[in-house]
Amino acid sequence: MPEADDSPADKQFFVDVPQRAEPFFLKGCEHLDWGLKNRLASIFNPVSGRTVMLAFDHGYFQGPTTGLERVDVSIVPLLPWADTLMLTRGILRSVIPPTYRGGLVLRASGGPSILKELSNEEIALSIEDAVRLNAAALAVQVFVGGEHETKSIHNLTRLVDQGQRHGVAVLAVTAVGRELVRDAKYMRLATRICAELGATYVKTYYVDDGFDTVTAACPVPIVIAGGKKLPEREALELAASAVAQGAAGVDMGRNIFQAASPAAMLQAVRAVVHEGANAGEAHELYRQLAARP
């Protein structure tokens, strides 16, 4: 039998110390439930308040994208430097080691291939399977102004309802069609709609003019998409400008895995996002790391 705990003189109740509650570090997330916050803390670094997401979900509509022909060869060696992975459940189950400890953002919408109208997506993942895979967030494409705008927004709201029920975040990914102008006015519209309808955070594109108004007008965190492959220095300038204007991190794919030295590039991006390095300092770090045997 355990001994009785009957020594009140030895107890420390700290009656003169008020109980403290540590405020949550992410914009717009203070009132979320504990489990959802805990999952967000696996995506975003609690010290810097930012994230470096490695996106390689391109195959869900493009097939074997250049640089992703063999994810086990090109991506798995990069895992130590990625805060979060954005990927499909198929690649997660078949390729990614279960020992990976960062956040997992699962692609949750899909349907059309690159050969068809991309905005005609459906929900492509159940919340039960997402929880089974220990997902921190579900990523859904939102086509504001697209042909199937309403359907994509309905996909978002359905996933938000399911995510709230199970404590899983939802990342709304704003898709900009070729016919739409990629400017601050459009980005403010798209990101605000996503936030108003319940997205936990939003992924969008950086714009040179007025990006600070995009982040200011969005009440939840914004991460930027890397977009098309850029020269390494330009990609680092993009990341530095975005975080300086309020972005809570980056979600880069082609600018990492198509770089001449992907591991060096990912570490250079981390220096920008988490350590406040400017583009010049980060590029010099990239050059040094890339030169190592």
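Residues numbered from 1 in each chain as written. Predicted model: local features only at pLDDT ≥ 70, side-chain atom pairs only at ≥ 80, totals over all residues. Heavy atoms only, no water.

### Some thoughts on the overall build of the protein chain
From N to C terminus, the protein chain includes 12 helices and 10 strands. In summary, the protein chain has a C-alpha radius of gyration of 21 Å against a globular reference of 19 Å for 293 residues, a match within 12%. Overall, the protein chain is about 75 × 50 × 40 Å in size when its C-alpha atoms are taken along their principal axes. Taken over 293 residues, the protein chain has a buried fraction of 49%. (Helix = DSSP H or I, 4+ residues; strand = E, 2+ residues; numbered from the N terminus. Rg over C-alpha atoms; globule rule 2.2 N^0.38 Å. Buried < 20%, exposed > 50% of the residue type's maximum accessible area, 1.4 Å probe, protein only.)

### Re a negative patch on the surface
On the surface, Asp183, Asp208, Asp209 and Asp212 cluster together into a patch of negative charge. For Asp183, the location among the structural elements is in the loop between β7 (169–174) and α7 (184–196). (Patch = residues over 30% accessible without salt bridge, like charges linked within 9 Å, V, L, I, M, F, W, Y side chains within 5 Å. Areas by Shrake-Rupley, 256 points an atom, 1.4 Å probe, with all protein chains shown as cover. Salt bridge = Lys/Arg side-chain N within 4 Å of Asp/Glu carboxyl O. Lys, Arg positive; Asp, Glu negative; His and termini not counted. Charge placed at Lys NZ, Arg CZ, Asp CG, Glu CD.)

### As for the sheet that holds strand β8 (residues 201–204)
Strand order in the closed barrel formed by eight strands is β1-β2-β3-β6-β7-β8-β9-β10, and the pairing between neighbours is parallel. Recorded for the sheet is a direction-independent mean angle of 25 degrees between the axes of neighbouring strands. Taken strand by strand, α7 contacts β6 (137–142), β7, β8 and β9 (222–225), and its axis lies near 155 degrees from that of β8. (Pairing = 2+ DSSP bridges. Axes fitted to C-alpha atoms, helices over the stretch in contact; angles between N-to-C directions. Contact = heavy atoms within 4.5 Å.)

### A few points about α7
The end-to-end C-alpha separation of α7 is 18 Å, in line with the 18 Å expected for 13 residues at 1.5 Å each. Listed in full, the buried residues belonging to α7 are Ala184, Tyr186, Met187, Ala190, Thr191, Cys194 and Ala195. Along the axis of α7, the buried residues cluster in a sector spanning 155 degrees; they form a single face. For α7, the exposed residues set more than 90 degrees away from the buried face come down to Lys185 and Glu196. Contacts from the buried residues of α7 go to β6, α6 (149–166), β7, β8, α8 (211–217) and β9. Where α7 ends, the next residue or the one after it, Gly198, has phi of about 110 degrees, a positive value. (Expected span 1.5 Å × (residues − 1). Arc of directions from axis to C-beta.)

### Here's the deal with the environment of Ala139
Examined against the element boundaries, Ala139 turns out to sit in strand β6. When the C-alpha positions of Ala139 and Val173 are compared, they lie 6.7 Å apart, and in sequence the two are 34 residues distant. Residue contacts for Ala139: discarding those within four places in its chain leaves Met86, Val105, Leu106, Arg107, Ala108, Ser109, Leu171 and Val173.

Function cannot be read off these values alone, since they describe shape.
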